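If you want the building blocks of each chain, they are given just below.
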Amino acid sequence: MNKLLTIAIPTFNRAQLLDKQLSWLAQAIKGFEDDCEILVSDNCSTDNTQEVIEKWQITLNNITFKSNKNSKNLGVVKNIMYCLNSTKTKYVWTIGDDDPIQDRAIAYVISKLKQHEDLSLLFLNFSGRNQITGEPVHPPKIVGNRWFDIDSEDGDGDGKAIFEHCFSKSVGAVIFLTATVYRTDLVKRALQDWPDAENNWISLAYLAGYCAANGRVIVTQDTYLECVVGVSYWQKEPKSALLMQYKHIPEVILKLEKSGYSKQFCRRMLLQNGKEVNLKVFLGALRRWPMSAIKIVVPFLALVSLCAFDVMVSKELGLAESSEIPTQEVRTYKP
């Protein structure tokens with residue numbers, strides 16, 4: 001029997017966390033063994049990750065449990081892409097090795113995937129918690145500790161419109177790996193259309209947007225997991241904030257336009273990104289890596305300026321057209 005869902009876990013040097021996540025999975029997956037496969041992709045760990053994988057492969061011998069060990073550390077995003085590209089089931093759910101997930105999440109996901117055979121994307125709502133203080137964390141544009149402020153669990157809404165709302169409210173929500181279930185053929189097609197996505201830390205937003213543009217979307221009302229803020233892989237990279245704000249987000253927005261999203265939406269998102277970038281990030285990078293900072297920021301400024309000019313021209317044309325209407329009406333009714 002063909003499996004429905006691959007639950008994939010990309011990991012690197014976090015054997016203890018992986019062991020805990022697989023322990024959760026062993027309990028939560030009971031009753032759904034015929035529907036699911038497990039895949040663990042080890043990014044060339046130097047700890048006892050392989051021992052943990054082998055232990056759970058023996059324990060979970062009643063379910064298809066595949067593993068991969070990269071010959072070298074490919075980087076986090078490329079390891080995620082490996083999981084997506086190697087999946088053979090209809091859907092793929094790639095989860096972090098450290099993200100707390102509720103036991104009921106698997107049952108919910110399987111039921112929705114079976115109920116909506118043409119589903120292309122499923123967002124599991126989640127809460128946020130600061131790693132250091134333990135305090136709740138949520139995007140400033142959203143009220144309450146629920147990172148998606150929209151729910152569309154009937155799967156009948158406009159996929160593009162749903163994604164546009166989610167993306168405009170919180171980039172962080174749509175790139176949270178563990179919150180997203182993709183339809184495999186669509187996510188593979190998206191990666192074929194943009195092979196360089198593996199070098200963009202925000203590319204998960206593109207993958208979600210691509211899937212949303214090609215089918216039905218579900219966003220849950222309830223939260224099924226938690227995002228611990230402050231432990232993201234990209235935050236360990238020195239130039240991460242600069243790249244994400246000034247290069248990776250604009251790249252994704254331009255790719256979304258090529259994937260069928262309207263020019264108006266993409267212009268609005270580019271301008272929004274232009275307003276939200278942190279000038280301190282650029283100034284700090286300028287002091288540390290002046291040439292790299294300039295190479296990254298100059299194209300960004302040119303793109304935002306062009307976008308702003310385009311919007312201004314469109315408004316002026318709209319005003320000109322609207323001002324002509326009364327004149328035409330007067331001429332029409334002249335005796």
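One structure accompanies this document, and this report is about it. (Residues numbered from 1 in each chain as written. Predicted model: local features only at pLDDT ≥ 70, side-chain atom pairs only at ≥ 80, totals over all residues. Heavy atoms only, no water.)

A word on the packing of aromatic side chains. For the coordinates displayed, the defined rule picks out twelve aromatic pairs. Both rings, one in phenylalanine 123 and one in phenylalanine 148, keep their centres 4.7 Å apart while their planes meet at 25 degrees; by these two values the pair is stacked. Of the two residues, phenylalanine 123 is situated in strand β5 (residues 119-130) and phenylalanine 148 in the loop between β5 and α5 (159-169); the sequence distance between them amounts to 25 residues. Members of the aromatic cluster, each reached through a chain of ring pairs, are Phe123, Phe126, Trp147, Phe148 and Phe176. Across the ring face of tyrosine 224, the terminal group of arginine 104 is positioned such that the distance to the ring centre comes to 4.3 Å. (Phe/Tyr/Trp six-rings, centres within 6.5 Å; stacked < 30°, edge-to-face > 60°. Helix = DSSP H or I, 4+ residues; strand = E, 2+ residues; numbered from the N terminus. Lys NZ or Arg CZ within 6 Å of the ring centre and 35° of its normal.)

For serine 67, the position within the fold is in strand β3 (residues 64-69). You can call serine 67 partly exposed: its relative accessible area is 37%. In the structure, serine 67 is positioned ten residues away from glutamine 57 in sequence and 8.9 Å away in space, judged by C-alpha atoms. Among all residues touching serine 67, those that are not within four sequence positions of it are Leu39, Val40, Ile53 and Gln57. Within the structure, the side chain of serine 67 is placed 3.4 Å from the side chain of glutamine 57, a separation counted as a polar contact. (Buried < 20%, exposed > 50% of the residue type's maximum accessible area, 1.4 Å probe, protein only. Contact = heavy atoms within 4.5 Å. Polar contact = N/O pair within 3.5 Å; in protein donor to acceptor, adjacent residues only side chain to side chain.)

Here we take up helix α7 (residues 184-193). Restricting attention to buried positions, one finds in α7 the residues Thr184, Leu186, Val187, Ala190 and Leu191. Relative to the axis of α7, the buried residues are bounded by an arc of 165 degrees and lie together on one face. Buried positions along α7 lie against α3 (76-86), β4 (91-94), β5, β6 (180-183) and α8 (203-212). (Arc of directions from axis to C-beta.)

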